[in-house]
Structures are given as structure tokens and as C-alpha cells.
There are 4 protein chains.
Amino acid sequence: MTNPEIERIKTALPGWVEAGKPFASEGKVASYIPELSKAPKEALGIALISKDGETIAAGDADLSFTMQSISKVFTLILALMDNGEELVFSKVGMEPTGDNFNSMLKLELVRPGIPFNPLINAGAITVSSLIEGADAADKSARILHFFKELAANDCLDYDMAVYRSESETGDLNRSMAYLLKDNGVLNGSVDDVLDVYFRHCSINVRCADLARMALVLACDGTDPLTGQTLIPRRYVQIAKTFMTTCGMYNASGEFAIQVGLPAKSGVSGGILTLVPGRFGIGIVGPALNAKGNSRAGVRLLETMSQELDWSMF
Amino acid sequence: MTNPEIERIKTALPGWVEAGKPFASEGKVASYIPELSKAPKEALGIALISKDGETIAAGDADLSFTMQSISKVFTLILALMDNGEELVFSKVGMEPTGDNFNSMLKLELVRPGIPFNPLINAGAITVSSLIEGADAADKSARILHFFKELAANDCLDYDMAVYRSESETGDLNRSMAYLLKDNGVLNGSVDDVLDVYFRHCSINVRCADLARMALVLACDGTDPLTGQTLIPRRYVQIAKTFMTTCGMYNASGEFAIQVGLPAKSGVSGGILTLVPGRFGIGIVGPALNAKGNSRAGVRLLETMSQELDWSMF
Amino acid sequence: MTNPEIERIKTALPGWVEAGKPFASEGKVASYIPELSKAPKEALGIALISKDGETIAAGDADLSFTMQSISKVFTLILALMDNGEELVFSKVGMEPTGDNFNSMLKLELVRPGIPFNPLINAGAITVSSLIEGADAADKSARILHFFKELAANDCLDYDMAVYRSESETGDLNRSMAYLLKDNGVLNGSVDDVLDVYFRHCSINVRCADLARMALVLACDGTDPLTGQTLIPRRYVQIAKTFMTTCGMYNASGEFAIQVGLPAKSGVSGGILTLVPGRFGIGIVGPALNAKGNSRAGVRLLETMSQELDWSMF
Amino acid sequence: MTNPEIERIKTALPGWVEAGKPFASEGKVASYIPELSKAPKEALGIALISKDGETIAAGDADLSFTMQSISKVFTLILALMDNGEELVFSKVGMEPTGDNFNSMLKLELVRPGIPFNPLINAGAITVSSLIEGADAADKSARILHFFKELAANDCLDYDMAVYRSESETGDLNRSMAYLLKDNGVLNGSVDDVLDVYFRHCSINVRCADLARMALVLACDGTDPLTGQTLIPRRYVQIAKTFMTTCGMYNASGEFAIQVGLPAKSGVSGGILTLVPGRFGIGIVGPALNAKGNSRAGVRLLETMSQELDWSMF
């Protein structure tokens, strides 16, 4: 029996991608490390997986890229699984900030000086410090293993060139981590925490990997293709809520209005999003708008949400 | 045929309200004008209306109170109906701020100096300036008429004592309005805009009124009991999105995590919320927490959302 | 008996003024009201009066202009004479802010929400509210009378076009005044306070008027040409200290390093400064630098301070 | 021939110190490292040296303490001697900030993100990076040598316990340094720069040492007792200007009004100040007021400035 929505997507998706691509020219590829600046500016790719396992791809879906901030959704989930809600939310708040993703203002201005939420950089660094493990290497190994399970892809690995560059140029993250440490938020060595953080940001994926990871969220923590429960439902709920209120940096409010789906973007141009109960979606489009989200990727999602009436609201 | 969810609510609601009431003792009744400070601190009341018109009430549901910030959801909708999305969002943004509801910081710090969203005070004042009408009195009349339709209550009226007090003590709102005017955001006379604003904040309601207004939102703009479409669906979508990302001041993120429903609170202790497609809900509990939301009301909604699995996420 | 410093100035001043004039091209004439924008951009004039009454002028010293923020030094002094130190400094602080002259940030961010010093706009508005008088007109009359005495010029009067324009376009000042009122800093009617404020900013002067007023400060409160004591010495000391730490907006620190004299500038391009015990100086150069100070005027003072070794430090 | 001012000081100083001591009870000894918290809370000591070499001491003048922020005046001077004005002021600004000494707000909010002045922590760290030397050890050796010359005390040395504690607990300074590095302000290794910084803050002195160092500033760079010129006059002028506008943290404005002398305080309770052309003064009083200045020390200076009419203004 065919699903008319899937048939519609199959037919229309190539055209939507083509219509979205020109918007890339309004954006800029991240260039703070050379490895990111090499990404093809005009690229736009997408992969969807339905809960029945049907996969649809279009555009430059085979491009590989690093997860960057998209990884933060899943380290948050792992930190929740490791520590429970109470401990995690004693270290990071639940509020959107209205500030840039790398802003440190509220760490100084608002008491207690904990990060406003786990998806801004200061919050994600804090979350990285909460992952269980004997040492930094062990924590990183646990994260990578968890991501492999979620993506059902045992080949996931780090882009070592990106990892090394992030680590070498990460002075702003280092500044943030020391401020968090001074505020009493961060335990352990700053160098170790940042190593864990830079590593999970540097995990290499393709759109299909993001789509499969998103599908687990879309299905409340259970991979519908294996039947395996990978995440407790409550933590999926928490993750989806944060993706809705804070997932697209300080353009999250606009994305909620225009698209209305839980999503998380990364500086490499990736976007992970989902249609609850139906689809996991991975997108890549390296040219970013001023807020740091894939310009063409956001446009493509606006089109799809409107055409397919996908907003949760 | 009985609806088991409704039966469950009928049975359990009085107990949930009783369990919520003690939390009021952790809160404080707003006291910036004498009229608000007279509200009974320990009160907690709730009314629900299902899409079939079944009404359930418990606690101090008969308490009357002013809408305050709850009105902002509906003036936003009216402004959208009067002007369309493009004009409205050239004057107010779509982002949560992380700041207090009456903060002016971002109006100075972030360019262009427009309010971050229509539900903080600066944004709501801007929205009030966008209501069509020959003069302030005409605009106020149109708002009141719209609210009467939504609440299906022709008796809605201003609490004139509250209106006068707000107007007399509204120096911070006046400051905000002049800053908006200086930033080129506000057209017309500051006094007129604030008169419209103070009036719609002073409209007197009971829980059942809020529930009925919320029911229209829960049913995508159509009052299910009359079949009348009062709001275009897109504007309901916009309103529900803002209620989710910004409806509970700078505790909206936490409310989304703990309750997961579109909601809007007011300084009088009211909360309007809804279960999409199913219920409109009005709550009153005058004792506020530090962020300005009804302490006992939030607690009651946390209980209900968890017991009835109501989170949208 | 000739004074060699005065002889040197007489000889060199025309050349210094000529050398300073080209710097005006780097600046911009204030244009927020039409009256100010009409000022000649390339003008630069100066008048000095020695304690022995010798007057030296050069360049466009005959240009007439409004005092603007320069008036704030003298309304502060009058407020101190009217109320004493204790009361005045319960309403305004003593600290430089590092922010723009019209910033409102610290009024919200720093408790208690009083202006950081009497020379930024928020502080000067507060000071205007402290002038004694039966009503706004009476207060303004007392200020004008005081200024006439200090300038030894009974013809000082308002530029009514500037006054009306300032008053009509003063939304930012109005915003500030209402925030101050909400913070409990400002007594009385905002409209009255601002009327007093806009009036004293609109008093018309020439360089020689500023020089004579400055001479009174240079001589510890006594006009050396009449022998009359117009200001108690302690209040002159307070005024000169504020001029040194806050007189040139958020370029006061640089001015102290490069010039090292107590000074106050205005948006019309005027600068009042003094060499303690020796000279009162008035300058006009309407083209302003980014911080709001006369570009050519600052340059001229840097030259004179270095050539004549005038820095107090 | 006796100097009446010196005679007056000799007679009155013990009484002024006694009258100042009780104010220590309003302050708190710095406790962020254990070594500082051991300082005697109730202590107050002072030493003055006149330009003729006459020394007057009273109270706990023999107490030894670390220079802390007082050292920043002299590392600034050394950086100016090493690099000239132009280079130094391309890395640090000249403006008071109005913020706490360890605030990072303006590094994020104001472009370019250089420290506002060399006496706040961010500025002093930047200055430390500008000291010439083959490596951190060499830079530190040059600083210590310079301080020994200025104090005419070859025995000056580090308090190694304070140095180690500062270094171990310096997360906020580390955060600041990495932010400066990210802003492109800081060259070289953050660890090296902070090592230089923590070392010069940990140099141990007594009041007489500060007084002698201050005397060199009071005499425009020449030690009047040896006749040796240790600092070019222009750099003394710059230092004294910064001491006046920024030397007492965000209480510099009030200190200028109430005392009116160039001064620099440290968190150990030390204050270095001077009467131009006449006296170098060193004070210690470990109990600090809310802004971080010696409570009793500031009081003592207020008394002396009023009694002896010392204000520069």
C-alpha cells in the first residue's frame, strides 16, 4: 500500500531542492578553520527516512560533513541517561537566550552563572563534562558508540583534521570553559572537557546518518527499523523540546514560526529535523545565514513544511 | 458515548487542584498596583472546555481577574488580521529573549532595535499600535469586541480601577514606548498606544472565558461550539508557536520541558493554555513565582500534563 | 609686564587653528534636528580669557551655537548649591560609565538604578529635576540667570528653534526620564523636568561666553575680573573632577591622556575647558567625531596642551 | 628649615590612622585564596616619603603584603618603555568602564574587543603580554628588577605561596586571557602571559616600598633621593592619568571627587598614591569595601585630602 505523502515527496523533492539551491548564494561558508571553508558553497542535499524504512534523497545527499552543534542534541541525551534530569539541570538551564550561540554575556550577567540551555556552546561544553567515563578518551568512545547505534552506522568516525583545527583554534570555547569553571559549573580539567567536546563536534556524517538518528527521535526513542529502544522516551521529549525552543541558535523562534519542527543545525551546514512519528530528516547546505544556519537548508524546510503542512503548531 | 480522558479529568481534577494549592504559598501576589494586591493569594481555579462543549471546573474557578499579558496573544492575532504577517514582523521579531518581560536591554543592544517578540511588554506595546481604528477609543472597541466573540461572552468589560491604576503607574511602559518611538518602531502618539495597551490588559475575565478563547485556538481558529471561524488558521499557528517559545516569560523554556503546551500567563495569576484539538483551559492562581507566572497554576499544569501525557513534544 | 605664555599663544594660535581645521573633515555635524545640521561643518573657533582679563580669539570665534551638554556642568553646580552634596549624590553617582552618553543599559543592569554620573544624559535630566523653583518656568529662569552671571553676559538667551526641535524630537530623553521615574529617581512631572532640561541645553552662546564661564571655574568659583564669588570652591572642585573623568562622554579617558584638562563638550560642537588658575577657554567646531566631541576642537586642544605643557597630570 | 605641612602630618597622622581603623570593620578581607584571607582585618598602616626624603609612618606600616593590582601601574609603564604609546594603545584603550575590575562584558559588547583600559584585569593581562623578554621567566625578571629600582629596595621578591595560589585558582583570568586571544589582542601563549601576570601581582612589599615607588611618579619619573631618572616624564603622565580615571576600580570617580589624587589599589588592601611634586604614599588596610578598595585606607585618604587640601581639582 502506498503512502501518498511519501509519493508526493518523491515526486516533488528534486524540484524543491533545485528551488532552494539559489538561496545558498545569500549565505557564507564557515571559515574559522580551513577545513570547513573547503565545503562546496552551492551544495544542498537531503535525506529522509520514513518510519517504515523508506529512504528518499535528493541533491548533494552524499556529501560528508562534520556534525558540529548537531551532536549536542545527542550528548545531552547521553548526559541525561548517565545522570538523570535533576543533576543535568542543576548545571544547565532550560531557557532560550536571544543571544549568539557563543555569547558569554549571560554567564556574567545572570545569577546563577550557568548556561541558559544545553544547545548554546557554553551549555554544550557543560554537557560534555557530564558524560560518564574513566577519562576523556573513554567518554569520547562512549559518545561515538552511542552515535553509531543511533545512526545504525558502525563506520562513523572523527574527521581528525577538523578535530585538530577546532582544538587548535578553540580559544573562545576555552575562554567559555574557564568562565564556567570559575562559576563552579564545570568539574574536571578544562582540557579534558574540551577534548570530549571538540571530538563529538568532529564526527563525520552524511545526510542519511542524520536522518536515521532523527528517526529515532521521531519514534520516541525506538529505532522503528530494528525495534530497539535506544533512548528513554522522556529524554527524547526533552531533546525535542530544546530543539524547538533553542535548536536553530537565536533564529529558533523564527524557525518555529516558519517551519514548526524540532531541529538542530551545525556550523558545517547540517540540519537534523524530524516529523514526529513519521520522518527523520538530514540536510546539508554549507552556506550559512547570519545566525549560523544553512541558508538553503532552512529555505528547503520552509518549503516542505508549508507544502506538506508539517508544523507541529 | 463517554470520553475516558474527560471522565478521568472529572474525577481527578479536584484532587489535583487541592494538591496544587499549597504551592501558592511559595509565590507572591503582584503588588505594583493596589488593585492587583487585593487578589486572594491562596486561590487556585481552573476551567476546561472540550471541543464537544463539555465544561469541567474546579477550585476557585469563579474568581474574576484581569487578562493582563494573556490579552497579548489575541491583540497579536488581531494585528495580524489587520495588517498581515509581513508588516507585523517588520515591527516585532520572532525570538525568545532570555530577559525579563519588561527588559529594555535588547532594544538598545541589538540592531534593529525592534522588540524581540510580540509577547514581551515592548513587543505587545508595538502590537497595540498596529490595531486598526480611527482613534484609541475605536481600536479599544475593536479589541473588546473581538475578545467578546472569542470568549462567546458579550459581558466582557474593563476593570476600570485596574485600567486607571496601570495607566497612572505605567512609567516603565511609557519609557519603553518612547524608546520604541525613538527607534522608529512605533507610529502615532505614545499616550494613545498606551491607552489601547492598558485597556486590553484590564479586561476582566473568569477561567471559563479563558478556556473558551483557548478552545478557539485549540481548534485552529474555529469555535467548535458555534462552527464559526473567528481566526485564520495560519494566525492561530503563529500564536500557538509564540505561546510555546515565549508565552511564559523567561520561564517559557522550562514550561515547554515540564508541560509542553502552548500557554500564556498574566501578572494577575491567569494562565491560558490548550491541548491541540481537544481542550481550551483557563487557570487562575494569583500568587506568582519569581518569573511572574502563577506558582500554583504552573504546578497544576505540570501535574496534568504528566498524568494525561499532554506534552506536544 | 608681559606674560610670555600669553604672548606665545597670541602668536601661535592662528596657526594652530589653521592646522586644526582640516580635521573637521573627518567629523560629522549633528543632524538629529535640522537646526543643528545647519552649522558650518568646517568651522573652528576659540576664545581664551586669562585671569587678568586678557582675551585672545582666533578662527570662527564669533559663531553662535547652543550650549547643549556643556550646560550640564553648571546645572550640576546650581543643583549642588540648591541641595547640597548629600542629596544630589543620592540621585546620581560619581562614576564614568564607558557607555554612550545616551545609554540606558546601566539604569537597568546596575542597582540602584540611578544614573552613573551627572554628565551623561540620564544624569543631567536627574540634575535638572533638582533645580529649585516654583515651577518649570521658574527653574529655567533661575538657570538662565545663573548662566548670565557666570558668562558676565546679560544677553544670553534661548535659541527657541533649537529648544522646540529638541522638545519635539526628544523621545529618547523622554524614555530615559520615564525609566528614571520608574526607578524612583525623578520627582515631579516628566514633562516639566524635560522642559527645564531642553531649555538649558538650548541657551545660545559664543566662544567668549564659554571662556568667561570657564574662567570662573579656573579661579575656584570667583570671577577674577569682578572679584565676585559665584560658586563655592567645593562645588567647583566637584565640577572640575567630573569634567576630567566624564566630561568628554566615553572619550573622557583618552582626552585626559592626550589633553589633561577638565573639559565639557556639547553636540553643537562646543567645548568648554580651563587651565587651572590661568585660563578659561571656549571652543566651537561643529563637526563631531564618533564619540560626539568636536573633531577639530579636540585636535586643537591636543596641540595646545602639548605645546604649552598644560596637562594637569 | 622645617616644612609646616610635614610637621602637621607628623603630629596628626597617628590620630587620623586611629580614626580610620574602625572603618575596617565595614570591609571584608579578600578570601578567594587562603593566603590573602590570613591578612589582619583590622590593620591600617601608612608610610609617606617627601621629595626631600623625609619618611613618616603610622599604624601597621610594617605589615608586608602583595602588590596585586598596584603592580599594574608599573607594568604599564614598562610596557610603554618597551613598546611606545602607539603599540600599547593599539592593544588597550584609555577609557574607564563603569564595570567590575574582572568584567568581560565589554570585550564581547564593544568593537574592537580590546580591554577598555590597562588597569582592569583584562587590560593588565594584555599589558603583561607586551613586556619584552626572551621568555616568561625573562619578562618576570625584568619586571622585578624594574620594581626593585623604583622601590630602591633590592630585596623585593615574590610571595611564592600567593603566586602559586593565584595561578591555581585563576580560572577567571584564564577565561579572560583566552577571550583576548580569540579577539586577536593577545600574542603568545596564554599560560606564559598569565605566569608573568600572576608573578608581578605576587611581589611582596611594605608601605615604605609603595611610598618610594609613588615618589618617583610624584617627581615626574626621577627619584629625587638619587637624582636618577627611572621613567620618561610622558609615561609618568600617562600613568598618573590612568590612576586618576581608573585606579580605584569602578569607584575611581568617587575617589577623584572625595580625594582627588592619582592612586591605585590592590586586593590585598594596598593603596599607592601621591601628592604631585611633594609626597609618595603607601597604605595598607586589608579589609576591602564592595568595590575592592581598602575600606579604612580610603577613609584615611579622604581625611588627609580634606585636612591638607590635597585634591588636584
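Thresholds, definitions, all that
Residues numbered from 1 in each chain as written. Chains lettered and ligands numbered in written order. Predicted model: local features only at pLDDT ≥ 70, side-chain atom pairs only at ≥ 80, totals over all residues. Heavy atoms only, no water. UniProt positions renumbered as here; feature names shortened; annotations may be inferred. Helix = DSSP H or I, 4+ residues; strand = E, 2+ residues; numbered from the N terminus. Rg over C-alpha atoms; globule rule 2.2 N^0.38 Å. Buried < 20%, exposed > 50% of the residue type's maximum accessible area, 1.4 Å probe, protein only. Contact = heavy atoms within 4.5 Å. Lys, Arg positive; Asp, Glu negative; His and termini not counted. Charge placed at Lys NZ, Arg CZ, Asp CG, Glu CD. Salt bridge = Lys/Arg side-chain N within 4 Å of Asp/Glu carboxyl O. Polar contact = N/O pair within 3.5 Å; in protein donor to acceptor, adjacent residues only side chain to side chain. Nonpolar A, V, L, I, M, F, W, Y, C, P; charged D, E, K, R; others polar. Least-squares fit on C-alpha atoms with pLDDT ≥ 70 in both. Domains from an automatic or database assignment. Buried area = accessible area lost by both parts, 1.4 Å probe. Pairing = 2+ DSSP bridges. Phe/Tyr/Trp six-rings, centres within 6.5 Å; stacked < 30°, edge-to-face > 60°.

- As named in an unreviewed UniProt entry, chain A is Glutaminase, taken from Paenibacillus thailandensis.
- Recorded under Sequence similarities (unreviewed entry), the UniProt text for chain A is reproduced unchanged: "Belongs to the glutaminase family."

### Quick notes on the overall build of chain A
Line of reasoning, step 1. Helices and strands together make up the secondary structure of chain A, namely 13 helices and 10 strands.
Line of reasoning, step 2. Taken against the 2.2 N^0.38 rule, which gives 20 Å for 313 residues, the C-alpha radius of gyration of chain A at 18 Å falls within 12% of a compact globule.
Line of reasoning, step 3. By principal-axis analysis of the C-alpha atoms, chain A measures approximately 55 × 40 × 35 Å.
Line of reasoning, step 4. Relative to its full complement of 313 residues, chain A shows a buried share of 65%.
Line of reasoning, step 5. For chain A, the proportion of contacts with a sequence separation of at least 24, taken over those separated by at least 6, is 69%.
Line of reasoning, step 6. Charge centroids of chain A, computed over 28 positive and 37 negative side chains, lie 2 Å from each other.

### Details of the interface of chain B and chain A
Line of reasoning, step 1. Contact with chain B, which involves 29 residues of that partner, is made by 29 residues of chain A.
Line of reasoning, step 2. The closest approach of N and O atoms between lysine 106 of chain A and aspartate 99 of chain B, which form a salt bridge, is 3.5 Å.
Line of reasoning, step 3. Where chain B meets chain A, there are 17 residue pairs in polar contact (both at pLDDT 80 or more).
Line of reasoning, step 4. When contributions to the side of chain B that touches chain A are tallied by element, the ones reaching two or more residues are helix H11 (233-246) and helix H12 (252-258) of chain B.
Line of reasoning, step 5. Of the residues in the side of chain B that touches chain A, the class split is 10 nonpolar, 11 polar and 8 charged.

### Some thoughts on the relation of the copies chain B and chain A
Line of reasoning, step 1. Superposing chain B onto chain A requires a rotation of 180° together with a translation of 0.0 Å along the rotation axis, leaving an RMSD of 0.0 Å. What we have between these two chains is a two-fold relation.
Line of reasoning, step 2. Counting the interface residues of chain B, we find that 100% of their copies in chain A are interface residues as well, pointing to one common contact surface.

### Some details on helix H7 (residues 160-169) of chain A
Residue and element names in this part refer to chain A.
Line of reasoning, step 1. For H7, the set of buried residues is Val162, Tyr163, Ser165 and Glu166.
Line of reasoning, step 2. On the buried face of H7, the contacting elements are helix H2 (34-37), strand S4 (65-66) and helix H9 (190-201).
Line of reasoning, step 3. Between the side-chain oxygen at the start of H7 and the backbone nitrogen of alanine 161 there is a gap of 3.2 Å, and the oxygen is on aspartate 159.

### So, the domain arrangement of chain A
All names here are of chain A.
Line of reasoning, step 1. Domain annotation for chain A reports domain 1 (4-64 + 207-308) and domain 2 (69-201).
Line of reasoning, step 2. Each of domain 1 and domain 2 has a C-alpha centre, and the two are 21 Å apart.
Line of reasoning, step 3. Contact with domain 1, which involves 32 residues of that partner, is made by 35 residues of domain 2.
Line of reasoning, step 4. Between domain 1 and domain 2 lies a buried interface of about 2,800 Å² when both sides are counted; carbon and sulfur atoms form 74% of it.
Line of reasoning, step 5. There are 1 salt bridge connecting domain 1 and domain 2.
Line of reasoning, step 6. Across the pair glutamate 85 and arginine 234 runs a salt bridge whose closest N-O atoms are separated by 3.0 Å.
Line of reasoning, step 7. When residues of the side of domain 1 that touches domain 2 are assigned to their parent elements, the largest contribution, 8 residues, is made by helix H11 (residues 233-246).

### Regarding the interface of chain D and chain A
Line of reasoning, step 1. Each partner contributes to the interface: chain D provides 13 residues, whereas chain A provides 13 residues.
Line of reasoning, step 2. With both chains or domains summed, chain D and chain A bury close to 1,300 Å², and 63% of this area falls on carbon and sulfur atoms.
Line of reasoning, step 3. Applying the counting rule to chain D against chain A returns 0 salt bridges.
Line of reasoning, step 4. Linking chain D to chain A there are 9 residue pairs in polar contact (both at pLDDT 80 or more).
Line of reasoning, step 5. Breaking the side of chain D that touches chain A down by element, the ones donating at least two residues are helix H4 (105-109) and helix H8 (171-182) of chain D.
Line of reasoning, step 6. The biggest single contributor to the side of chain D that touches chain A is H8 of chain D, with 8 residues.
Line of reasoning, step 7. In terms of residue class, the side of chain D that touches chain A is made up of 6 nonpolar, 2 polar and 5 charged.

### Let's talk about the sheet that holds strand S5 (residues 157-158) of chain B
Residue and element names in this part refer to chain B.
Line of reasoning, step 1. Ordered by their spatial adjacency, 3 strands build an open sheet running S4-S6-S5, and the pairing between neighbours is antiparallel. At either end of the open sheet lies a strand with only one pairing partner, and these are strand S4 (65-66) and S5.
Line of reasoning, step 2. The pairing of S4 with strand S6 (residues 203-205) spans 2 bridges and is classified as antiparallel. Looking at the pairing, phenylalanine 65 lines up with valine 205 of S6.

### Considerations on the packing of aromatic side chains
Residues and elements named next belong to chain A.
Line of reasoning, step 1. Applying the stated rule across the entire model yields 22 aromatic pairs over all chains.
Line of reasoning, step 2. Ring centres of phenylalanine 279 and tryptophan 310 lie 5.7 Å apart, and the angle between their planes is 45°; on these two criteria the pair is classed as tilted. Taken together, the residues span a long stretch of sequence, with phenylalanine 279 in strand S9 (residues 279-284) and tryptophan 310 in the segment after helix H13 (295-308) at a distance of 31 residues.
Line of reasoning, step 3. Take phenylalanine 279: its relative accessible area is 2%, and that puts it in the buried class.

### Some details on the relation of the copies chain D and chain A
Line of reasoning, step 1. Note on the copies: chain D fits chain A at an RMSD of 0.0 Å, the axial shift is 0.0 Å, and the rotation between them is 180°.
Line of reasoning, step 2. When the interface residues of chain D are mapped onto chain A, 100% of them again lie at the interface, so the same face is used by both copies.

### So, the sheet that holds strand S5 (residues 157-158) of chain C
Line of reasoning, step 1. Within the open sheet, the 3 strands sit side by side as S4-S6-S5 (chain C). Their pairing is antiparallel. Only two strands of the sheet have a single partner each, and these edge strands are strand S4 (65-66) and S5 of chain C.

### Section: the pattern of salt bridges
Line of reasoning, step 1. By the definition in use, this model includes 64 salt bridges over all chains.
Line of reasoning, step 2. With a closest N to O distance of 2.5 Å, lysine 10 of chain A and glutamate 54 of chain A form a salt bridge. Of this pair, lysine 10 of chain A sits in helix H1 (residues 4-20) while glutamate 54 of chain A sits in the loop between strand S2 (45-50) and strand S3 (55-59), and the two are 44 residues apart along the sequence.
Line of reasoning, step 3. Judged by its relative accessible area of 31%, glutamate 54 of chain A falls in the partly exposed class.
Line of reasoning, step 4. A salt bridge links lysine 240 of chain B to aspartate 220 of chain B, with the nearest nitrogen and oxygen atoms 3.5 Å apart. Taken together, the residues lysine 240 of chain B in helix H11 and aspartate 220 of chain B in the loop between helix H10 (207-218) and H11 connect sequence positions 20 residues apart.
Line of reasoning, step 5. Its relative accessible area of 4% is what places lysine 240 of chain B among the buried residues.
Line of reasoning, step 6. Several salt bridges share partner residues, and in doing so they unite Asp99 and Lys106 of chain A together with Asp99 and Lys106 of chain B into one network.

### Some words on the side chain of serine 165 of chain C
Residues and elements named next belong to chain C.
Line of reasoning, step 1. On the secondary structure map, serine 165 appears in helix H7 (residues 160-169).
Line of reasoning, step 2. What makes serine 165 buried here is its relative accessible area of 10%.
Line of reasoning, step 3. Polar side-chain contacts of serine 165 include one of 2.7 Å to the side chain of glutamate 35.
Line of reasoning, step 4. In contact with serine 165, other than residues within four places in its own chain, are Ile33, Pro34 and Glu35.

### So, the UniProt feature "binding site: substrate" (unreviewed entry) in chain A
All names here are of chain A.
Line of reasoning, step 1. In this numbering, the UniProt entry assigns the feature "binding site: substrate" (unreviewed entry) to Ser69, Asn121, Glu166, Asn173, Tyr197, Tyr249 and Val267.
Line of reasoning, step 2. Look past the residues within four positions of asparagine 173 in its chain and what remains in contact with it is Asn121, Ile125, Leu194, Tyr197 and Phe198.
Line of reasoning, step 3. By the secondary structure assignment, valine 267 is in the loop between strand S7 (263-265) and strand S8 (270-275).
Line of reasoning, step 4. A residue is classified by how much of its surface remains accessible, and valine 267, at 16% relative accessible area, is buried.
Line of reasoning, step 5. Residues contacting valine 267, with those up to four places away along its chain left out, are Ala30, Tyr32, Leu36, Gln68, Tyr249 and Leu288.

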